[in-house]
There are 2 protein chains.
Amino acid sequence: MAGIVLYSYWRSTTSVRVRAALNLKGVDYDTRAIDLVAGAQKDPDYAKINPGQGVPSLVLEDGTVLTQSMAILDYLEVAYPTPPLLPKDPVQRALVLAAAHTIALDIHPVNNLRVLAVLKERYGADAAQSRTWMNHWMQEGFTALEAMLPEDMPSFAFGAAPDLADLCITGQCCNARRWGLDMTPFPKIRRIDAACRAVPEIHAAHPEQQPDAQPQI
Amino acid sequence: MAGIVLYSYWRSTTSVRVRAALNLKGVDYDTRAIDLVAGAQKDPDYAKINPGQGVPSLVLEDGTVLTQSMAILDYLEVAYPTPPLLPKDPVQRALVLAAAHTIALDIHPVNNLRVLAVLKERYGADAAQSRTWMNHWMQEGFTALEAMLPEDMPSFAFGAAPDLADLCITGQCCNARRWGLDMTPFPKIRRIDAACRAVPEIHAAHPEQQPDAQPQI
């Protein structure tokens, strides 16, 4: 019987989040790499699996395909509740989700590779302009997030163990390093990222640890 | 004692979602309008409430502020479970969320007014180019969504009663009408929008019904 399969791309921040959750919850899975830069997500066979032509996609043992990283994370939380990635209290849960969504909705979609491709194609954006675009949205989102994070932050954003906000944050920090964002104004975010990287299950989800990782350019 | 307050903007599709959920769940709330076009979201008093400087924000009776529409919707689902906006089965729940996220993550953030403002400011996008940008992402997202929706769709996307995906879809359809998207290729989405507009609680959440609605230009 086939096991759980994760279609992912090493550098995709949405893939980092899902890999980290799978690892933390001890879910066994095989990785199949989708090379976003080579356009593998547009392959008709893959587009049948994921009509949005993105990663990650999680294929369950019975063949059911789940798409959209935040929906997959919600599924993992319901299906594999231990350890929890969201608090039980509805208000605390909403605060963690809001922090996660500042990354997952305000930053990531606008910084998606397909947006960069349209900027290049229709507006002639060059490499420097692409970098400015990426850093602009990270800077805006991180500024809002830094203000939303508790002043008396425990080890992680909202608790002593990593939650959904932490996983989104550490994934986005990989992208921040890639594009050279100045992280000086974001001490809380830097602290969360460092705490996450010290957790073996999260470290193993980071881009450099993936089978499809390429040497950094 | 102060009641629940929703900071919203009549035309904001994220506000439509949250208003519809509040109405369906029978939650009493007062609306305070934040005029996004006039820049009211950048007012320092409002930015203290919502550091992301967006709408909606939901202020609970004890003064707790919830931000990010999808986090607010999650809170409403946990705190006011009737009627449910998400199925109990984890896989069905993930499929509804994935459809909702195709709107909430793949379309809306890239079509946010603040992205249009940067396109205009840095790339000199004119009115026609803004329209092309808006329609491009709606076209892409709706194409993926149309393929994800069940062939044997009941009255709504996944069931006989409206769920979270339906609320995101009908909100986005308001924006599709505003920007003149050709909806011919999306019969399932059109059917869902029509079914939603026939529900009084959702109709009341649509832009034209809001106290801050402006005459359509």
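Preceding this section is the structure that the text describes.
Let us look at the structure shown here. Quantities reported herein were computed from a predicted structural model and do not represent experimental measurements.

Thoughts on the overall build of chain A
Inference 1: Counting secondary structure elements, chain A contains nine helices and four strands.
Inference 2: Beginning at the N terminus, the succession of helices and strands in chain A can be written as β-α-β-α-β-β-α-α-α-α-α-α-α.
Inference 3: Within chain A, the fraction of its 217 residues that count as buried is 58%.
Inference 4: Residue pairs in contact within chain A that sit at least 24 positions apart in sequence constitute 67% of those at least 6 positions apart.
Inference 5: A total accessible area of about 9000 Å² is found for chain A, and carbon and sulfur atoms account for 53% of it.
Inference 6: One way to put it: in chain A the 19 positive side-chain charges average out to a point 4 Å from where the 24 negative ones average out.

Points about the relation of the copies chain A and chain B
Inference 1: After a rotation of 180° and a shift along the axis of 0.0 Å, chain A superposes on chain B with an RMSD of 0.0 Å. Here the transformation between the copies is reduced to the relation of a two-fold axis.
Inference 2: Taken as a fraction of all interface residues of chain A, those also at the interface in chain B reach 100%, which identifies the copy contact as same-surface.

Regarding the sheet that holds strand S4 (residues 65-67) of chain A
Residues and elements named next belong to chain A.
Inference 1: Strand order in the open sheet formed by four strands is S2-S1-S3-S4, with mixed pairing between adjacent strands. Looking at strand neighbours, the two that pair on one side only are strand S2 (30-33) and S4, the edges of this open sheet. Averaged over all pairs of adjacent strands, the angle between strand axes in this sheet comes to 20°, irrespective of strand direction.
Inference 2: Sheet topology places strand S1 (residues 5-8) next to S2; four bridges connect them, and they run parallel. The residue bridging Tyr-7 from the neighbouring strand is Arg-32, located in S2.

Some details on the pattern of salt bridges
Inference 1: Inspection of the entire model under this criterion finds 12 salt bridges over all chains.
Inference 2: In this structure, Asp-193 of chain A engages Arg-177 of chain A in a salt bridge whose closest nitrogen and oxygen atoms are separated by 2.7 Å. With Asp-193 of chain A in helix H8 (residues 187-197) and Arg-177 of chain A in helix H7 (residues 164-179), this pair connects stretches of sequence that are 16 residues apart.
Inference 3: In this structure Arg-177 of chain A comes out as partly exposed when scored by relative accessible area, which is 43%.
Inference 4: Of the charged contacts in the structure, one is a salt bridge between Lys-25 of chain B and Glu-77 of chain B, with a shortest N-O distance of 2.8 Å.

Focus on the interface of chain A and chain B
It is common to give the size of an interface as the accessible area lost on bringing the parts into contact.
Inference 1: Contacts between the two partners involve 43 residues from chain A and, on the opposite side, 43 residues from chain B.
Inference 2: Here chain A and chain B share an interface that buries about 3900 Å² over both sides, 69% of which is from carbon and sulfur atoms.
Inference 3: Ranking the residues of chain A by area buried against chain B places Gln-68, Leu-105 and Tyr-123 of chain A at the top, with a combined share of 17%.
Inference 4: Joining chain A to chain B, the criterion identifies four salt bridges.
Inference 5: Here Arg-93 of chain B and Asp-74 of chain A are joined by a salt bridge, their closest N and O atoms 2.6 Å apart.
Inference 6: For the side of chain A that touches chain B, the secondary-structure elements that each account for two or more residues are S4, helix H3 (69-79), helix H4 (90-107), helix H5 (113-123) and helix H6 (127-148) of chain A.
Inference 7: Looking at the side of chain A that touches chain B, the element that brings in the most residues is H4 of chain A, giving 12 residues.
Inference 8: Tallied by class, the residues present in the side of chain A that touches chain B amount to 28 nonpolar, nine polar and six charged.

Side note on the packing of H4 of chain A against H6 of chain A
Residue and element names in this part refer to chain A.
Inference 1: With their axes 10 Å apart at the nearest point, H4 and H6 run at an angle of 170° to one another. One element, H4, and the other, H6, form an angle in the roughly antiparallel class. Of the residues in H6, those in contact with Ala-98, Ala-99, Thr-102, Ile-103 and Ile-107 of H4 are Trp-137, Met-138, Gly-141, Phe-142, Ala-144, Leu-145 and Met-148.
Inference 2: Tallied by class, residues from the contact of H4 with H6 come to 10 nonpolar, two polar and no charged.

What counts and how
- Residues numbered from 1 in each chain as written.
- Chains lettered and ligands numbered in written order.
- Predicted model: local features only at pLDDT ≥ 70, side-chain atom pairs only at ≥ 80, totals over all residues.
- Heavy atoms only, no water.
- Helix = DSSP H or I, 4+ residues; strand = E, 2+ residues; numbered from the N terminus.
- Buried < 20%, exposed > 50% of the residue type's maximum accessible area, 1.4 Å probe, protein only.
- Contact = heavy atoms within 4.5 Å.
- Areas by Shrake-Rupley, 256 points an atom, 1.4 Å probe, with all protein chains shown as cover.
- Lys, Arg positive; Asp, Glu negative; His and termini not counted.
- Charge placed at Lys NZ, Arg CZ, Asp CG, Glu CD.
- Least-squares fit on C-alpha atoms with pLDDT ≥ 70 in both.
- Pairing = 2+ DSSP bridges.
- Axes fitted to C-alpha atoms, helices over the stretch in contact; angles between N-to-C directions.
- Salt bridge = Lys/Arg side-chain N within 4 Å of Asp/Glu carboxyl O.
- Buried area = accessible area lost by both parts, 1.4 Å probe.
- Nonpolar A, V, L, I, M, F, W, Y, C, P; charged D, E, K, R; others polar.
- Parallel < 35°, antiparallel > 145°, perpendicular 65-115°, else oblique.

Purely geometric numbers; function is a separate question.
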